[in-house]
Amino acid sequence: PVSEVSARFNEAGRFLCLPGCEVTVKVIMDDGICRDVHMNYIGLDSLVPCVRGKGLVSSVDGTTVKRMIRETKTQVDALVGDKGGRTNIFFVNHPHYRFCDVLPEDVADNSDVRFFEVCNNGSSFAPVAPLLSDGFYMDRFWDAVNAVRCLRGEPLLYAVATDDTHSYPGCGMSNAAFTFGDGWIGVKAERLSQDALF
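This report concerns the structure included in the present document. Note that the coordinates shown come from a computational prediction; the quantities given were computed from them, not determined experimentally.

So, the nonpolar core
So, step 1. In terms of nonpolar packing, the biggest core is built from 24 residues, with I69, F90, V92, V102, V107 and V113 touching the most fellow members.
So, step 2. Put simply, the parts of the chain that give this core at least two residues each are β1 (20-28), β2 (34-42), α2 (65-82), β3 (89-92), α3 (104-108) and α4 (138-152).
So, step 3. Per-element accounting of this core gives the leading share, five residues, to α2.
So, step 4. Ignoring any residue separated from it by four or fewer positions in sequence, one finds F90 in contact with M39, N40, Y41, I69, K73, V113 and F115.

Have a look at this one:
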């Protein structure tokens, strides 16, 4: 648990462990194909409730990836607020992961999404089915979102990186080979604290 890792490694002014949570929502599109949308929170100090076989957000007619991103963020923000939680950072994960289908408009039209994962050590970035043949690779994805937001006078989208390490050597899981510490987010802050970093 985070409390154990924090107790072992946190050192004032030198190292700070922040809790995080990945939320996965499955979206059944009009064409019947299931899309996965992965989203992350850093600094989330509340558990996100989950019931096996049911998502955080209820499925409704006309569900889109864009809508699920918005509704998931709204619901988790409300959950954290109700529990008096601290400020956290939300981002959309690996839009080009082969099991996801997040398009630039899905993020551009969610102006309160300020970050996306531009680098992920554990996921492939091959273009997925609904993308154009030349593909919205990461740089073009990012440019497309920010071009739309600039035209609308909305906040720009910034990038984060992760190593996507879900497990570690010796734990017996198949993805234990992901290298811890390969993805970094650089922040200029006055001090090493959650509030200062955010």
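That was the structure; now back to the text.
A few points about the pairing of β3
So, step 1. Residues I89 and F91 of β3 are buried on one face, and the alternating residues F90 and V92, pointing to the opposite face, are buried as well.
So, step 2. Examined bridge by bridge, β2 and β3 share four bridges and lie antiparallel to one another. Its bridge partner being in β3, I42 is matched across the sheet by I89.

As for the pattern of salt bridges
So, step 1. Applying the stated criterion to the full structure yields six salt bridges.
So, step 2. Between R14 and E11 there is a salt bridge, with the nearest N and O atoms lying 3.4 Å from each other.
So, step 3. Taking the shortest distance from any N to any O, the salt bridge between D109 and R152 comes out at 2.8 Å. Residue D109 is located in the loop between α3 and β4 (115-120), and its partner R152 is located in helix α4; the two are separated by 43 residues in the primary sequence.
So, step 4. Look at D109 and you get partly exposed, because its relative accessible area is 26%.
So, step 5. Each of K66, D109, R152 and E154 takes part in one network of salt bridges that share partners.

A word on the packing of aromatic side chains
So, step 1. Under the defined criterion, the tally for this structure stands at four aromatic pairs.
So, step 2. Centroid distance F9 to F15: 6.4 Å. Interplanar angle 55°. Geometry classified as tilted.
So, step 3. For F9, a relative accessible area of 44% puts it in the partly exposed group.
So, step 4. Here the aromatic cluster, defined as three or more aromatic residues joined through ring pairs, consists of F116, F141 and W142.

Looking at the environment of Y41
So, step 1. Looking at the element boundaries, Y41 is found in strand β2.
So, step 2. Distance from Y41 to G20, taken between C-alpha atoms, is 5.4 Å for residues 21 residues apart in sequence.

A few points about a nonpolar patch on the surface
So, step 1. On the surface, V5, F9 and F15 cluster together to form a nonpolar patch covering roughly 270 Å² of accessible area.
So, step 2. Tracing the sequence through the fold places V5 in helix α1 (residues 2-9).

Details of the environment of F116
So, step 1. Structurally, the position occupied by F116 is in strand β4.
So, step 2. Judged by its relative accessible area of 0%, F116 falls in the buried class.
So, step 3. Setting aside its immediate chain neighbours within four residues, F116 contacts F91, V92, P95, M138, F141, W142, L157, Y158, A159 and V160.

How each quantity is defined
- Residues numbered from 1 in each chain as written.
- Predicted model: local features only at pLDDT ≥ 70, side-chain atom pairs only at ≥ 80, totals over all residues.
- Heavy atoms only, no water.
- Core = buried A, V, L, I, M, F, W, Y, C linked by side-chain atoms within 4.5 Å.
- Buried < 20%, exposed > 50% of the residue type's maximum accessible area, 1.4 Å probe, protein only.
- Helix = DSSP H or I, 4+ residues; strand = E, 2+ residues; numbered from the N terminus.
- Contact = heavy atoms within 4.5 Å.
- Pairing = 2+ DSSP bridges.
- Salt bridge = Lys/Arg side-chain N within 4 Å of Asp/Glu carboxyl O.
- Phe/Tyr/Trp six-rings, centres within 6.5 Å; stacked < 30°, edge-to-face > 60°.
- Patch = residues over 30% accessible without salt bridge, like charges linked within 9 Å, V, L, I, M, F, W, Y side chains within 5 Å.
- Areas by Shrake-Rupley, 256 points an atom, 1.4 Å probe, with all protein chains shown as cover.

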